[in-house]
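Working through the structure, step by step
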Amino acid sequence: MIDLKSITYDKNWIPYTRDELVDKIEKSMSARRFNHVLGVEQSAIELAEKYGCDVNLASLAALVHDYAKERSDLAFFDLIRANDRFRPLIPFGNNIWHSILGAELIRYELDVRNEEVLHAVQVHTTGAPEMSLLDKILFVADYIEPNRKFSGVKTARLLADEDLNAAVAYELKHTLLHLIELNQPVYSLTLDAYNKWVAHVDYK
Ligand code: GDP
Ligand code: FE
Ligand code: FE
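Here's what I pulled together on the structure shown here. (Residues numbered from 1 in each chain as written. Chains lettered and ligands numbered in written order. Predicted model: local features only at pLDDT ≥ 70, side-chain atom pairs only at ≥ 80, totals over all residues. Heavy atoms only, no water.)

**Quick look at the overall build of the protein**
Regarding its fold elements, the protein presents 10 helices and zero strands. In sequence order, the secondary structure elements of the protein are arranged as α-α-α-α-α-α-α-α-α-α. What you see for the protein is a C-alpha radius of gyration of 16 Å, in line with the 17 Å of a compact globule of 204 residues. Looking at the protein residue by residue over its 204 residues, the buried ones come to 50%. Sequence-distant contacts in the protein: of pairs separated by 6 or more residues, those separated by 24 or more amount to 65%. For the protein, the exposed surface amounts to about 10,200 Å²; the carbon and sulfur share of it is 51%. (Helix = DSSP H or I, 4+ residues; strand = E, 2+ residues; numbered from the N terminus. Rg over C-alpha atoms; globule rule 2.2 N^0.38 Å. Buried < 20%, exposed > 50% of the residue type's maximum accessible area, 1.4 Å probe, protein only. Contact = heavy atoms within 4.5 Å. Areas by Shrake-Rupley, 256 points an atom, 1.4 Å probe, with all protein chains shown as cover.)

Structure follows, in structure tokens:
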């Protein structure tokens, strides 16, 4: 396991050290969610080491990914009102807002300037037909981090250890099943991701 003290962020990615960022993240959410975020960082670093991604980028993406999760609906409505292109997001609620609009808040409030990290945050809930290695790592780490407890998480962890693409496909399939079970609206990007990664099983 990597020593977290060795994690460093390029000044062009974010103007804070990891310690400074961790402090800001802790203040922006409940203790329970903060623990989840640290778990996602641990899993993201492990996956980055395994699959050859920059561990520093993986740490940064994980630490910021749920920054906006506990914002009020009213705060998100302000953002949606300010930009017409966000209007189609209205029916989907916080699940979709905290990732797609969260990336905007991370850009402006935490000064994250690394576009790869911002993209990984944007698609961390839905996945996408085209995903970079960092996108996949954050998407899967969010699902399998050590605090997650749901039936299927063991299988997801085993797949993540063997084949990252298979883990992405497994997560998409089970998220879609879960949303349908709960009569939740499915965002178009989630369906596009499902069609690419599961329905056509072209992830090899
Ligand atoms: P978390 O923020 O760590 O809890 O995890 P995620 O950001 O991955 O997911 C948040 C929630 O969004 C989960 O309950 C997912 O099942 C849900 N979700 C994923 N895709 C969609 C979608 O297309 N529509 C809706 N309504 N929810 C979704
Ligand atoms: Fe999230
Ligand atoms: Fe998360």
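Past the structure itself, the notes keep going.
**Things to note about the coordination of the iron ion (ligand 3)**
The coordination sphere of the iron ion (ligand 3) contains the protein donors His36 (NE2), His65 (NE2), Asp66 (OD) and Asp142 (OD), at a distance range of 2.2 to 2.3 Å. Expressed as a motif, the donor residue spacing for the iron ion (ligand 3) is H-x28-H-D-x75-D. Metal-to-metal, the separation of the iron ion (ligand 3) and the iron ion (ligand 2) is 3.5 Å; Asp66 coordinates the two. On the criterion of sequence distance, the pair formed by His36 in helix α2 (residues 31-51) and Asp142 in helix α7 (residues 133-144) is long-range, its members being 106 residues apart. We note that His36, like Asp142, is buried. (Donors = N, O, S within 2.8 Å, 3.2 Å for Na, K, Ca; no water.)

**Notes on the site of ligand 1**
Ligand 1 sits among 20 residues. The nearest are Lys69, Thr125, Pro185, Tyr187 and Thr190. His36 places a polar side-chain atom, nitrogen or oxygen, 3.0 Å from an oxygen atom of ligand 1. With respect to ligand 1, the side chain of Lys69 contributes an N or O atom lying 2.8 Å from an oxygen atom. Starting from 590 Å² of accessible surface for ligand 1 in isolation, the protein chains cover 86%. Looking at the shell around ligand 1, its residues break down into six nonpolar, nine polar and five charged. (Near = heavy atom within 4 Å. Polar contact = N/O pair within 3.5 Å; in protein donor to acceptor, adjacent residues only side chain to side chain. Nonpolar A, V, L, I, M, F, W, Y, C, P; charged D, E, K, R; others polar.)

**Description of the side chain of Arg107**
Position of Arg107 among the secondary structure elements: in helix α5 (residues 94-109). Looking at Arg107, the relative accessible area reads 19%, which means it is buried. Not counting residues within four places of it along the chain, the set of residues in contact with Arg107 comprises Val112, Arg113, Glu115 and Leu118.

**Focus: helix α8 (residues 153-162)**
One turn of an α-helix holds 3.6 residues; hence residues three or four places apart share an orientation. Along α8, the residues classified as buried are Val153, Ala156 and Ala160. Down the axis of α8, the buried side of the element spans an arc of 55 degrees, and every buried residue falls inside it. In α8, the exposed residues that point more than 90 degrees away from the buried face are Lys154, Leu158 and Glu162. (Arc of directions from axis to C-beta.)

**Let's talk about the coordination of the iron ion (ligand 2)**
Donor atoms from the polypeptide that coordinate the iron ion (ligand 2) comprise Asp66 (OD), His98 (NE2) and His124 (NE2), at 2.1 to 2.2 Å from the metal. Going along the chain, you hit the donors of the iron ion (ligand 2) in the pattern D-x31-H-x25-H.

**Some thoughts on unusual backbone geometry**
In this structure, Asp111 takes a positive phi of about 60 degrees despite not being glycine. Note on placement: Asp111 falls in the loop between α5 and α6 (115-122). By relative accessible area, Asp111 is classed as partly exposed at 27%. The phi angle at Asn183 is positive, at roughly 55 degrees, despite the residue not being glycine. Locating Asn183 in the fold gives a position in the loop between α9 (164-181) and α10 (188-199).

**Section: the packing of aromatic side chains**
Overall, the coordinates contain four aromatic pairs when judged by the stated rule. Centre to centre, the rings of Phe76 and Trp97 are 5.8 Å apart; their planes meet at 45 degrees, and the pair counts as tilted. On the criterion of sequence distance, the pair formed by Phe76 in helix α4 (residues 73-82) and Trp97 in helix α5 is long-range, its members being 21 residues apart. A single burial state applies to Phe76 and to Trp97, both of which are buried. Centre to centre, the rings of Tyr143 and Phe150 are 4.8 Å apart; their planes meet at 50 degrees, and the pair counts as tilted. Exposure remark for Phe150: the relative accessible area of 29% places this residue in the partly exposed category. The rings of Phe76, Phe77 and Trp97 are connected pair by pair, giving a single aromatic cluster. Between Lys196 and the ring centre of Trp197, over which it is positioned, the NZ or CZ distance is 5.0 Å. (Phe/Tyr/Trp six-rings, centres within 6.5 Å; stacked < 30°, edge-to-face > 60°. Lys NZ or Arg CZ within 6 Å of the ring centre and 35° of its normal.)

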